[in-house]
Amino acid sequence: MGYSVLITGTVKRNDANSYFIFAVPVINTLYPITNYHINITNFPKHDYIAEYLFLQQSATRGLEDSQKLNLLITEKNKKLEEAKNTLIKVNSTLEERINNSVQKIKRLALFPEQNPNPVIEISLDSFDIIYLNPIAISLFEINDENIQKSNLIQTLKIDKNKLQKGSQEKIEIEVNGKIFERNLFYNDQFNSLRLYLHDITQIRLKEREEKTKIALFIKQQESLTTIRKLSDNYTLEEKFRFISKVVAQTIGCNRCSIWLSKNDLTSIITGHVYLLNSDNYAEEMEISYDVAPAYFKALRSKQTILALDATKNEATFEFTDSYLKPLNISSMIDIPLLQGNQSIGVLCCEFFEIQNEFDSDTIAFCNSVADIIVLACETNDLKESQKQLEVKNTLLKENMDQIITMQSEIVEREKLATLGMLIAGIAHEINSPLGAIKASNEYLHKIFTESFLNAIKYISPDVIQAGLSLFAMRNVDSIATTTRDIRKFQKDALNYLEHYFPDTENKSFYANVIIELGLQSDIAKLSEFIIHKQSKEVFLFAQYLIHIFKAVSTVGLAVNRAGSVVKALNTFSHGNIDQELSHFKLHDSFNSVITLLWNKIKYSAYVENNIPQEIMISGSADELSQVWTNIINNALQAADNKCKIWIDYTDENEMHRICISNDGPAIPSEIVPKIFDAFFSTKKRGEGTGLGLNIVKKIIEKHQGKIECHSDEKKTRFLIFLPKLIEQFKTI
């Protein structure tokens, strides 16, 4: 609102009695008074002043309103200034964006110049080259003077007859050792075709490398198949020579050899170093620990040795002057041959050139070959073991024949009359382990000829390795021995497999193998084998090993059992009445007798040997064995082999006190004084000679001791007293 100006005055009208007071407001927006005409004659004189004051007040209000209007205008002007500044900033931002866009357009316009790939433009009118970017000029070594003279059209494989609007042909060309993908794009502005060359050299080289690797991998797999199919008719030496040749020809190493450990890896020896260049074999070589301790340390660590530069590698540098330089060897791959957890040798692949790296497929191939070599060694060992077992069986049979031949002579001797009565039992005790040996031998032959060896030909090294690892986890102490335990473990194993491996087929098979391994409490550790892509083959291979080792173990136990019987028999019948003094364990002496009589004891009787292990006794071992045999055998015969027998010992100063007691039928008191008399017997005719206890008494007396018999309804006891020191036998 602005100021109000009031112009006042007095005007006389035409009639002399009328006067006007007028006021003209110049600016008065709030009170727009245009004219006031006051007829003074219409008012009393005192009203003139009142009217004047009224007009004056109106002018004052107009002035105030004008001031307010001025303030409002000032505020609006301020806001207009702020809006102006804001507009300036917006204009600046827009200008910056416009500049950036212009620069971008300029850069795009220069794209062919700055393109990192070659760009060539060809006129569709003249078929001349009208443009090359810098990278294309550099690639084709062209300048402005010779651009049209060059054979660039031919190099780019451009057929002028096929050039046309809209061409999109895409081909590959090779320039100065580089491979490019050529793309065509039509340029409407110049009626030309623009060629963009995209460098695909690395892509193609990689593809070629992959093809080479695939071809090598296929060759390696074919070689592995050939090696695995080697006939078992070949000797181990022949297999090694063949394998070293195949490996060298497959991976291109100049020398390949198989070294086997001697004396617990204190030296290694080879007789089959294949030389690729001459297609021949070198002479036998041997390397000892003293020559290369660092190398043998690496072998014992069971780690693969990858010597890119063999003269600098920490495991092979020791061979530099004595082996590497004379034979021109620069690089080596040495793969340890691991049998179980033991290193038995090394597969060595040697190159005349220093390698930048060894391909992972090549290393994997060499590891697979190493596994085949170890398997060949194990197979050879098994064959040798089988031959030895056959020899032992033959010897055992011969020993049995000798024992049978000697039986008639032994029976004729009075001192071995008791043994004559026990021959049938002894023969039975020997025939039992012989039967076990025969059955195990037949089973081993069957599983090798019908199952195991055939399976090995077709399963992969990965399956063999996994099967060996699974078998190595076997817990012998946890293997179930009773039918009840087996049924319980089968149920638990099936429940576990059903819960954690519901998709596994033939769960009963897996459960049986797990129980045979004794791993029913550790199934969780077998997850990697159960989910193996060839899990069935892995478990089947492990089962073959279980059955083989079980059969071998049975043979060992049977041989030990037969050996203990033969040893007891030899101990019993070895000496004669003039045998010299010896010192032996009393506990073991009784055990030998118990072994001889075991066929009678094992069914219904019970014998408890309570003599301490450390007790040593002096005397004739075979004669005292006859004493124990007669007394124990008499107790068994009297009780029809249904009694308990206790063997106890007491140290009585200078004497050994041995008590052999039983709970069989009591000896009548009137007979006790007569039992040591010659030819006295209570047995039926044909069952005894009456000399047994008489000979017992004489042997004890010969040893300067004495024997007593005490019998009642509870126990019958034979007390034997022998001196601890015997200088010589007493004549009897």
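This text goes with the structure placed above it.
Residues numbered from 1 in each chain as written. Predicted model: local features only at pLDDT ≥ 70, side-chain atom pairs only at ≥ 80, totals over all residues. Heavy atoms only, no water.

### What to know about the overall build of the chain
Then step 1. A tally of helices and strands in the chain yields 19 helices and 23 strands.
Then step 2. Taking all 732 residues of the chain together, 40% fall into the buried category.
Then step 3. In the chain, the share of contacts with a sequence separation of at least 24, taken over all contacts with a separation of at least 6, comes to 61%.
Then step 4. Accessible area for the chain stands at about 42500 Å²; split by element, carbon and sulfur atoms hold 52% of it. (Helix = DSSP H or I, 4+ residues; strand = E, 2+ residues; numbered from the N terminus. Buried < 20%, exposed > 50% of the residue type's maximum accessible area, 1.4 Å probe, protein only. Contact = heavy atoms within 4.5 Å. Areas by Shrake-Rupley, 256 points an atom, 1.4 Å probe, with all protein chains shown as cover.)

### Side note on the pairing of strand E7 (residues 178–187)
Then step 1. Two strands pair when backbone bridges link them, and strand E6 (residues 170–175) and E7 are joined in this way by 6 bridges, in the antiparallel orientation. Considered in E7, the bridge of Lys170 is made with Asn183.
Then step 2. Count of turn residues in the E6/E7 antiparallel hairpin: 2 residues, of which Asn176 carries a positive phi of about 50°.
Then step 3. Inspection of the sheet shows E7 paired to strand E8 (residues 192–199) by 8 bridges, in the antiparallel sense. In the sheet register, Phe180 faces E8, and the bridge partner there is Asp199.
Then step 4. With antiparallel pairing between neighbouring strands as the criterion, E7 and E8 make up a hairpin whose turn holds 4 residues, including Asn191 at a positive phi of roughly 50°. (Pairing = 2+ DSSP bridges.)

### Here's the deal with the sheet that holds strand E22 (residues 706–711)
Then step 1. Ordered by their spatial adjacency, 5 strands build an open sheet running E18-E20-E21-E23-E22, and the pairing between neighbours is mixed. Each end of this open sheet is capped by a strand with a single partner; those strands are strand E18 (606–609) and E22. Taking each pair of neighbouring strands and ignoring which way they run, the sheet shows an average axis angle of 15°.
Then step 2. Here 4 bridges tie E18 to strand E20 (residues 644–652), and the two strands are oriented parallel to one another. By the bridge assignment, Val607 is partnered in E20 with Ile645. (Axes fitted to C-alpha atoms, helices over the stretch in contact; angles between N-to-C directions.)

### Focus: the nonpolar core
Then step 1. Of all hydrophobic cores here, the largest spans 40 residues; its most connected members are Trp628, Ile658 and Ile720.
Then step 2. Put simply, the parts of the chain that give this core at least two residues each are helix H16 (586–596), helix H18 (621–638), E20, strand E21 (655–662), helix H19 (692–702), E22 and strand E23 (716–723).
Then step 3. When residues in this core are grouped by element, the largest group, 8 residues, is from H18.
Then step 4. If we ignore the near neighbours within four places in the chain, the residues touching Trp628 are Leu586, Ser589, Phe590, Val593, Ile658, Ile660, Ile720 and Leu722.
Then step 5. Core analysis: the second largest hydrophobic core is formed by 32 residues, Val247, Phe358, Phe365 and Val374 among them. (Core = buried A, V, L, I, M, F, W, Y, C linked by side-chain atoms within 4.5 Å.)

### Describing unusual backbone geometry
Then step 1. Even without a glycine there, the phi angle at Lys302 is positive, about 65°.
Then step 2. Secondary-structure assignment places Lys302 in the loop between helix H7 (293–300) and strand E14 (305–307).
Then step 3. For Gln704, which is not glycine, the phi dihedral falls at a positive 65°.
Then step 4. Within the fold, Gln704 resides in the loop between H19 and E22.

### With respect to the packing of aromatic side chains
Then step 1. As enumerated under the stated definition, the model contains 8 aromatic pairs in all.
Then step 2. Seen from their ring centres, Tyr274 and Tyr281 are 5.4 Å apart, and the 65° between their planes marks the pair as edge-to-face.
Then step 3. A residue is classified by how much of its surface remains accessible, and Tyr274, at 1% relative accessible area, is buried.
Then step 4. Accessibility expressed as a relative area gives 22% for Tyr281, which makes it partly exposed. (Phe/Tyr/Trp six-rings, centres within 6.5 Å; stacked < 30°, edge-to-face > 60°.)

### Re the pattern of salt bridges
Then step 1. Counted under the stated rule, the structure contains 10 salt bridges.
Then step 2. The partner of Lys245 in a salt bridge is Asp279, with the nearest N and O atoms 3.6 Å apart. Remark: Asp279 occurs in the loop between strand E11 (274–275) and strand E12 (280–281) and Lys245 occurs in helix H6 (residues 236–251); sequence separation between them is 34 residues.
Then step 3. Of the residues examined, Lys245 reaches a relative accessible area of 28% and is grouped as partly exposed. (Salt bridge = Lys/Arg side-chain N within 4 Å of Asp/Glu carboxyl O.)

### A closer look at the packing of H16 against H18
Then step 1. Orientation of H16 relative to H18, taken along the N-to-C sense of each, is 50°, at an axis distance of 9 Å. Put simply, H16 runs oblique to H18. Crossing handedness for the pair H16 and H18: right-handed. Contact residues: H16 offers Leu586, Ser589, Phe590 and Val593, while H18 offers Ser625, Trp628, Thr629 and Ile632. (Parallel < 35°, antiparallel > 145°, perpendicular 65-115°, else oblique. Left-handed = near helix turned anticlockwise from the far one by under 90°.)

### Some points on the sheet that holds E7
Then step 1. Strand order in the open sheet made by the 5 strands is E5-E4-E8-E7-E6, with antiparallel pairing throughout. Each edge of the open sheet carries a strand with a single partner, namely strand E5 (129–132) and E6. Across the sheet, the axes of successive neighbouring strands diverge by a mean angle of 30°, strand direction being ignored.
Then step 2. Bridge count between strand E4 (residues 119–123) and E5: 3 bridges; the pairing is antiparallel. Looking at the pairing, Ile122 lines up with Ile129 of E5.
Then step 3. Across the sheet, helix H5 (residues 201–228) lies against E6, E7 and E8, angled at about 135° from E7, the strand it touches most.

### Brief notes about helix H8 (residues 320–327)
Then step 1. Buried residues of H8: Thr320, Tyr323 and Leu324, and no others. Relative to the axis of H8, the buried residues are bounded by an arc of 120° and lie together on one face. Within H8, the exposed residues directed more than 90 degrees away from the buried face are Asp321, Ser322, Lys325 and Pro326. (Arc of directions from axis to C-beta.)

### With respect to the pairing of E8
Residues in a regular strand project their side chains so that they alternate between the two faces of the sheet.
Then step 1. Judged from the 5 bridges that link them, E4 and E8 form a sheet pairing that is antiparallel. When the sheet's bridge partners are listed, Ser123 is paired in E8 with Ser192.

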